Amino acid sequence: MAIIEVKNLVKTYKIIEKEEGLIGYFKNLVKPKYKEFTAVNNVNFSIEKGELVGYIGENGAGKSTTIKMLTGLLTPTSGNVIVNGIIPNQKRIENNKNIGAVFGQKTQLWWDLPVIESFRLIKKMYKIPENEYRKNLKKFTELLDLEELLEKQVKNLSLGQKMRCEIAATFLHDPKIVYLDEPTIGLDVFVKEKIRKFIKDINREKKTTVILTTHDLKDIEDVCDRIILLDKGQIIYDGEKQKFKDTYGRYVIAELIVNNIKDNIILNNAEILEQNDNKLKIKFSHDETTIVKIMDEISKFCNIEDIHMKEAELEDILKEIYKGVHTNVKNNDATSKNAI
Amino acid sequence: MQKVIYNISLYLSFLKISLKEILIYRIDCIVGIFSQLIVQLVSLVFMFVVFQNTENIAGWNFQQILLLFGITRISIGISGYCFDGLYDIGPKYIKSGEFDKILLRPVHPLISIIGNSREFVSIADFILGLVLTIVMLVQLAIPVTILLIIKILFFSIVGALIIGAINTIFSISSFWTYRSNEVIWSFYRMYTFTEYPITIYNKFIRILITIILPFAFVAYYPTMAYLGLNTYIIYLSPVVAVVLWFVAVKLWNLALNKYRSTGN
């Protein structure tokens, strides 16, 4: 059985309709007008134990609302959520024993005290056996390089140091499922890499299921095998990350350094993304043409000095999807679901 | 029962960790305790003034009134420290979204919240109360035995629990307003009614503070017992405390569920 099962999940908020001007605000104070807003609209998915899932979408797509329902912080308007055999919003405390969560930059550590004090209280809260606690603490200290941090006050740590401790605190009780909401926001590249590696290592060793929401798609690229893409409260893609890239990212972006541009460049099977005096950025698909043909075409208009090519990355593809280039994504939803 | 003991020990762990946080700020701590002492001493001076104009209040003489004041301070000192966290729910946790963090712990949120107390300065009330109580017992020629001290401490803790339960009930307002600390405070302050014999009040206030918000059980009835005026009604206060807590937790859970279904 899947560790997370979500069926026909809907969450509707009632929000107060703001009226213009100060008088409008006073009117609201006396007799507020409500309007309904659907944040999550009929979402279905199931996640198996040990999966690394990227839950992505633009701001306001409904990611956080879904995570809040999975953790039992919010009660669904309709639909079912079953996490590890439990309905989280009915047995929230029971469910909390199995999960760990990081929400952006909100810390679960005690601000004024050395990090190790927080770890000790977490040990007590989750009833972590002494030997498990020691083992995990030792391992996490190594993996996340915490040696020097444990005795320091949390408020004196840098953002990156704090987040490393935060991640360690989240995994300390060997949770079956971990929800990470923007765990790498504002961090430098080295800390990001350390955290990504940590997540992958723990997943490999303990089969921890990880749901990751982030705007840094490098996180997803590096950590996740599967992505669930959300748009306006609905899932528009659910499936393997590689398959997603193969389907929508079958194109190459090439940057050329050129000179002596003679004329307006017009290419048959490639799209010009950017052009200035000596730089040209183009996009083409392997299905339609080859790089040799393109170079041939371009050289009619100018001299090519250098060329740099890259495969489409998740970020490029998502940008296009948000812009509405791939209108067929929704239709493929059903087939991609069958694939997993 | 095991669960209750585990929860109490967890609560004490939370209290311990927040006490460590307070003690780091040494100066804050000392200044806080002294200002609290001054506030209480001012109330005492006021009582002196009152008793320069009258021999007794509702048949209670100056020493008896001061004993009642002392007993009240002991309970207020304990509850002020042990249940202070309730004031933070609206303005601190819910407003900032930090409440989610508490809801994600494998612990009932009330334990996290009331365990996170900042009001260590209440120890000033406790000490002042204890000193005043002992001095007045001596002046009233009541023998200060170990048993009596234990009895006073026990019923003061029960009194603190009654205040805690009442505050918990009013902390439910946190789910609707960020200014819930003011709601709790305004009802909490009614305990001052019981710094005087309740017979001086009219029927409405008497019913209010014995039945609706039973602050009379915090210090008034216990003091009656220590003075030998009414020795039985004091044994009702543990029952009152248990019933109030039962009601408070049930209502609190109901409100929490409502809050989680509407979203924030």
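What counts, and where the lines are drawn
Residues numbered from 1 in each chain as written. Chains lettered and ligands numbered in written order. Predicted model: local features only at pLDDT ≥ 70, side-chain atom pairs only at ≥ 80, totals over all residues. Helix = DSSP H or I, 4+ residues; strand = E, 2+ residues; numbered from the N terminus. Rg over C-alpha atoms; globule rule 2.2 N^0.38 Å. Buried ≥ 20, exposed ≤ 12 C-beta atoms within 10 Å, placed from the backbone. Contact = placed C-beta atoms within 7 Å. Domains from an automatic or database assignment. Pairing = 2+ DSSP bridges. Axes fitted to C-alpha atoms, helices over the stretch in contact; angles between N-to-C directions. Parallel < 35°, antiparallel > 145°, perpendicular 65-115°, else oblique. Left-handed = near helix turned anticlockwise from the far one by under 90°. Nonpolar A, V, L, I, M, F, W, Y, C, P; charged D, E, K, R; others polar. pLDDT = per-residue confidence, 0-100. Expected span 1.5 Å × (residues − 1). Core = buried A, V, L, I, M, F, W, Y, C linked by C-beta atoms within 7 Å.

## A look at the overall build of chain B
Alright, step 1. A count of helices and strands for chain B gives 12 helices and two strands.
Alright, step 2. Moving toward the C terminus, one meets the helices and strands of chain B in the order α-α-β-β-α-α-α-α-α-α-α-α-α-α.
Alright, step 3. In summary, chain B has a C-alpha radius of gyration of 19 Å against a globular reference of 18 Å for 264 residues, a match within 12%.
Alright, step 4. On the principal axes, the C-alpha backbone points of chain B span a range of 60 × 45 × 35 Å.
Alright, step 5. Within chain B, buried positions represent 39% of all 264 residues.
Alright, step 6. Restricting the contact set of chain B to residue pairs at least 6 apart, pairs at least 24 apart contribute 78%.

## Looking at the domain arrangement of chain A
Alright, step 1. According to the domain assignment, chain A contains domain 1 (4–245) and domain 2 (250–311).
Alright, step 2. Placing a centre on the C-alpha atoms of domain 1 of chain A and another on those of domain 2 of chain A gives a separation of 42 Å.

## Quick look at the sheet that holds strand β8 (residues 226–231) of chain A
All names here are of chain A.
Alright, step 1. Ordered by their spatial adjacency, six strands build an open sheet running β5-β6-β7-β3-β8-β9, and the pairing between neighbours is mixed. Two strands in the sheet have a free side with no partner beyond their single neighbour: β5 (99–103) and β9 (234–240). Neighbour-to-neighbour, the strand axes of the sheet open up by a mean angle of 15°, direction not taken into account.
Alright, step 2. Pairing of strand β3 (residues 52–57) with β8, which is carried by five bridges, proceeds in the parallel orientation. When the bridges of β8 are listed, Val53 appears paired with Arg226.
Alright, step 3. Where helix α9 (residues 241–248) meets the sheet, it contacts β8 and β9, and its direction lies at approximately 105° from that of β9.

## Focus: the packing of helix α3 (residues 62–82) of chain B against helix α8 (residues 146–171) of chain B
The axes of two packed helices give the description: the angle between them and the distance between them.
All names here are of chain B.
Alright, step 1. Interaxial distance between α3 and α8 falls to 8 Å at its minimum, and their mutual angle equals 55°. Taken together, the axes of α3 and α8 are oblique relative to one another. As for the relative orientation of α3 and α8, their crossing is right-handed in sense. On the side of α3, the interface is formed by Ile71, Ile74, Ser75, Ile78, Ser79 and Cys82, while α8 contributes Ser156, Ile157, Gly159, Ala160, Ile163 and Gly164.

## Some remarks on the sheet that holds strand β12 (residues 279–285) of chain A
All names here are of chain A.
Alright, step 1. Across the sheet, which stays open at both edges, the four strands sit in the order β11-β12-β10-β13 with antiparallel pairing between neighbours. The open sheet terminates on both sides in strands that have one partner only, identified here as β11 (270–275) and β13 (303–311). Direction aside, neighbouring strands of the sheet carry axes that sit 25° apart on average.
Alright, step 2. Here eight bridges tie strand β10 (residues 251–259) to β13, and the two strands are oriented antiparallel to one another. Bridge pairing links Glu255 to His308 in β13.

## Things to note about the packing of α8 of chain B against helix α12 (residues 237–262) of chain B
Residue and element names in this part refer to chain B.
Alright, step 1. Running from N to C, α8 and α12 point in directions that differ by 25°, and their axes come no closer than 9 Å. Between α8 and α12, the interaxial angle falls into the category roughly parallel. The chirality of how α8 crosses α12 is left-handed. Between α8 and α12, the contacting residues are Phe155, Val158, Gly159, Leu161, Ile162, Ala165, Ile166, Thr168 and Ile169 on the first element and Ser237, Pro238, Val240, Ala241, Leu244, Trp245, Ala248, Leu251 and Trp252 on the second.
Alright, step 2. Across the contact of α8 with α12, the residue classes tally to 15 nonpolar, three polar and no charged.

## Quick word on the interface of chain B and chain A
Alright, step 1. At the interface, 18 residues of chain B touch 22 residues of chain A.
Alright, step 2. Broken down by secondary-structure element, the contributors of at least two residues to the side of chain B that touches chain A are α1 (2–24), α5 (99–103) and α12 of chain B.
Alright, step 3. Of the residues contributing to the side of chain B that touches chain A, the split by class is seven nonpolar, four polar and seven charged.

## Focus: the environment of Lys20 of chain B
Alright, step 1. Position of Lys20 of chain B relative to the elements: it lies in helix α1.
Alright, step 2. Given 14 C-beta atoms within a 10 Å radius, Lys20 of chain B is considered partly exposed.
Alright, step 3. For Lys20 of chain B and Tyr87 of chain B, which are 67 residues apart along the polypeptide, the C-alpha to C-alpha distance reads 20 Å.
Alright, step 4. Sequence-distant contacts of Lys20 of chain B, defined by excluding residues within four places in its chain, comprise Leu113 and Glu117 of chain A.

## A few points about the pairing of β5 of chain A
Residues and elements named next belong to chain A.
Alright, step 1. Counted residue by residue, β5 has five buried out of five residues, so it is predominantly covered.
Alright, step 2. Residues Ile99, Ala101 and Phe103 line one face of β5 and the alternating positions Gly100 and Val102 line the opposite face, and both faces are buried.
Alright, step 3. With five bridges joining them, β5 and strand β6 (residues 177–181) adopt parallel strand pairing. Following the sheet pairing, Phe103 is matched in β6 by Asp181.

## A short note on the confidence of the model for chain A
The predicted coordinates should not be examined in detail at positions where pLDDT is low.
Alright, step 1. Averaged over every residue, the pLDDT of chain A is 87; residues scoring 70 or more account for 95%.
Alright, step 2. Low confidence marks residues 330–340 of chain A, where pLDDT is under 50. Its contacts with residues over four positions away, or in another chain, come to 16 contacts.

## Section: helix α7 (residues 123–139) of chain B
Residue and element names in this part refer to chain B.
Alright, step 1. With 17 residues, α7 extends 24 Å from end C-alpha to end C-alpha; this agrees with the ideal 24 Å at 1.5 Å per step.
Alright, step 2. On its buried face, α7 is in contact with α2 (26–53), α3 and α8.
Alright, step 3. Just beyond α7, the residue with positive phi is Ala141, at close to 60°.

## Section: unusual backbone geometry
Alright, step 1. One non-glycine residue, Asp174 of chain A, lies in positive phi territory at about 50°.
Alright, step 2. Structurally, the position occupied by Asp174 of chain A is in the loop between α6 (159–171) and β6.
Alright, step 3. On the basis of neighbour counts, which here come to 16 C-beta atoms within 10 Å, the residue Asp174 of chain A falls in the partly exposed class.
Alright, step 4. In this structure, Ala141 of chain B takes a positive phi of about 60° despite not being glycine.
Alright, step 5. According to the C-beta neighbour criterion, Ala141 of chain B is exposed, with 7 such atoms within 10 Å.

## Details of the nonpolar core
Alright, step 1. Within the largest apolar cluster, 132 residues are counted, with the highest numbers of intra-cluster contacts made by Val53, Ala168 and Leu212 of chain A together with Ile162 of chain B.
Alright, step 2. Per-element tally for this core: the top contributor is α3 of chain B, with 11 residues.

## Digging into the pairing of β10 of chain A
Alright, step 1. When β10 of chain A meets β12 of chain A, the two strands line up antiparallel, connected through seven bridges. Bridge pairing links Glu255 of chain A to Lys281 of chain A in β12 of chain A.

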